Each structure stands twice: as C-alpha cells, then as structure tokens.
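# Observations on the three-dimensional arrangement
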Amino acid sequence: MGIEVRPATSFEDVKTMVGPKRPDANVCWCLSYRIPSKQNQALRGTERGALVKQLVAQDPPPGVLAYDGGEVVGWAAVHPRADTSFAGNRKIPHVDDTKVWSVWCIRVRPGYRGKGISHHLLAGAVDMARAYGAPAIEGYPVDNGGRKVDLTMAYVGTRKLFEDAGFTKAADTGSVLNGFPRVLMRLELPPR
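Residues numbered from 1 in each chain as written. Predicted model: local features only at pLDDT ≥ 70, side-chain atom pairs only at ≥ 80, totals over all residues. Heavy atoms only, no water.

### Regarding the packing of aromatic side chains
Overall, the coordinates contain six aromatic pairs when judged by the stated rule. Through pairs of rings, three or more aromatic residues link up here, namely Tyr33, Phe86, Trp104 and Tyr140. Between Arg6 and the ring centre of Tyr67, over which it is positioned, the NZ or CZ distance is 3.7 Å. (Phe/Tyr/Trp six-rings, centres within 6.5 Å; stacked < 30°, edge-to-face > 60°. Lys NZ or Arg CZ within 6 Å of the ring centre and 35° of its normal.)

### A closer look at empty space enclosed by the protein
For the coordinates displayed, the defined rule picks out one cavity of 30 Å³ or more. Of the voids in this model, the largest cavity is the one considered here, and its volume is about 50 Å³. Around the largest cavity sit Val14, Trp29, Cys30, Leu31, Arg34, Val52, Leu55, Pro62 and Trp75, which together line it. Split by residue class, the lining of the largest cavity holds eight nonpolar, no polar and one charged. (1 Å grid on protein atoms, 1.4 Å probe; cavity = no way out; pocket = protein on both sides within 12 Å on 5 of 7 lines; lining within 4 Å. Points joined across faces, edges and corners; volume = space filled by probe spheres on them. Nonpolar A, V, L, I, M, F, W, Y, C, P; charged D, E, K, R; others polar.)

### Re the pattern of salt bridges
Across all of its chains, the model carries 12 salt bridges by this definition. Salt-bridge contacts for Asp24 lead to Arg22; the nearest nitrogen and oxygen are separated by 3.1 Å. Given the relative accessible area of 46%, Asp24 is considered partly exposed. With a shortest N-O distance of 2.9 Å, Arg186 and Asp96 are connected by a salt bridge. One end of the pair, Arg186, is in strand E7 (residues 180-188); the other, Asp96, is in the loop between strand E3 (71-80) and strand E4 (101-108), and 90 residues separate them in sequence. When salt bridges with common partners are traced through the structure, they connect Arg81, Asp96, Glu138, Arg186 and Glu188 into a single cluster. (Salt bridge = Lys/Arg side-chain N within 4 Å of Asp/Glu carboxyl O. Buried < 20%, exposed > 50% of the residue type's maximum accessible area, 1.4 Å probe, protein only. Helix = DSSP H or I, 4+ residues; strand = E, 2+ residues; numbered from the N terminus.)

### Some remarks on the nonpolar core
Val14, Leu31, Leu65 and Trp75 are the most contacted members of the largest nonpolar core, which totals 27 residues. Where this core is concerned, the elements lending two or more residues are helix H1 (11-18), helix H3 (46-57), strand E2 (63-68), E3 and E4. Residues within four places of Leu65 in sequence aside, it is in contact with Glu4, Val5, Arg6, Ala8, Ser10, Asp13, Val14, Met17, Val72, Gly74, Trp75 and Leu121. Within the second largest apolar cluster, 25 residues are counted, among which are Val103, Leu122, Ala125 and Leu187. (Core = buried A, V, L, I, M, F, W, Y, C linked by side-chain atoms within 4.5 Å. Contact = heavy atoms within 4.5 Å.)

Here is the structure:
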C-alpha cells in the first residue's frame with residue numbers, strides 16, 4: 001500500500017503519534033508552538049491530552065497524519081501562523097504581512113523512518129494549507145548541511161527536506177537547534 005496523508009481528525013491516531021505512554025506524563029503533545037508559552041507551561045498531565053482532543057475536533061484540525069494501510073505512521077503539525085506561538089516569536093522573523101501557515105513538527109514512528117514518509121507529511125501539510133486558502137506556508141528547519149541531526153531534534157525537519165518540497169529560503173532566524181541554525185523556508189501557494 002502507498003502512504004496516505006489526511007487531516008488529523010482522529011484523536012486516537014494523534015495520541016499514538018505525539019501522546020505519552022502514561023496519560024499523566026508532561027510531554028509536549030506537539031503543543032509547544034501551537035499555544036502560548038504561558039498556557040503550555042501551565043498545562044499538566046491529562047490536561048494536555050484533553051486540549052489536543054479539543055484541537056482535533058476543530059476546523060482546521062491541528063495537523064496531518066500519514067497512514068500506511070490502516071496504520072498511523074506519521075504526524076505533521078500545520079496551522080495558520082497567527083494561531084501559533086510563532087506569531088510573536090522573536091527568533092523566527094516575519095518576512096511580510098502575508099497570512100502564512102506554519103509547519104513546525106514532522107514526526108515518523110520508529111520502524112517507518114527512512115522510507116520517505118516525512119516527504120509525504122510535508123506534501124500533505126502543504127495540501128492542507130492550500131485547501132484552507134493559505135497564500136503561503138513556512139517551515140523553520142535546521143540548516144544542517146547534510147550532517148546528522150539528533151533524532152530528538154529532527155522534528156523541525158531539514159533544509160533539504162523543505163527544498164525537495166519546493167520551499168526556498170526566505171530568511172535566517174535567530175534560532176539554533178542541536179547546534180544547527182534554523183532557517184525560514186517558504187512556499188508560495190497561488191490560488192488554483
């Protein structure tokens with residue numbers, strides 16, 4: 001079967017991809033950039049999952065999921081930048097006043113990595129942004145020059161991943177992750 005990417009409307013599948021093994025654990029749930037920092041820090045244990053369940057029920061949902069057959073194998077967070085912490089992030093610049101969407105987390109399950117699923121996820125994030133009328137989409141990957149990125153930090157993607165999807169570098173950022181500078185990559189989405 002081929003990889004299918006669709007909007008993240010299944011809470012259980014989102015939970016499989018970004019939820020903790022223990023429901024009361026204080027893991028990210030991919031909320032670090034999605035909600036204001038103060039709110040993110042205040043949420044504890046099961047409150048995090050409860051908020052994600054609410055976000056999954058909203059339109060647009062908080063991202064896209066990749067499936068191999070019926071099995072969820074990947075996640076990408078994508079949403080209008082104005083509704084994320086990137087709206088006020090001092091290290092990630094605003095290129096202009098375009099109402100861009102942001103893609104900030106790409107995650108593939110162990111056992112499925114190295115099979116091109118991140119490429120499918122990024123394409124699915126672009127498709128979702130386009131379907132909602134976004135004029136452009138941005139990502140903030142590391143510019144690692146082909147060097148290995150620690151798996152725990154690889155969630156932002158690499159410059160090459162974004163270039164392969166047609167994005168171009170729009171700006172440098174003041175952000176560094178795993179010792180690599182992050183760059184602002186952008187893809188214009190002209191109306192069809």
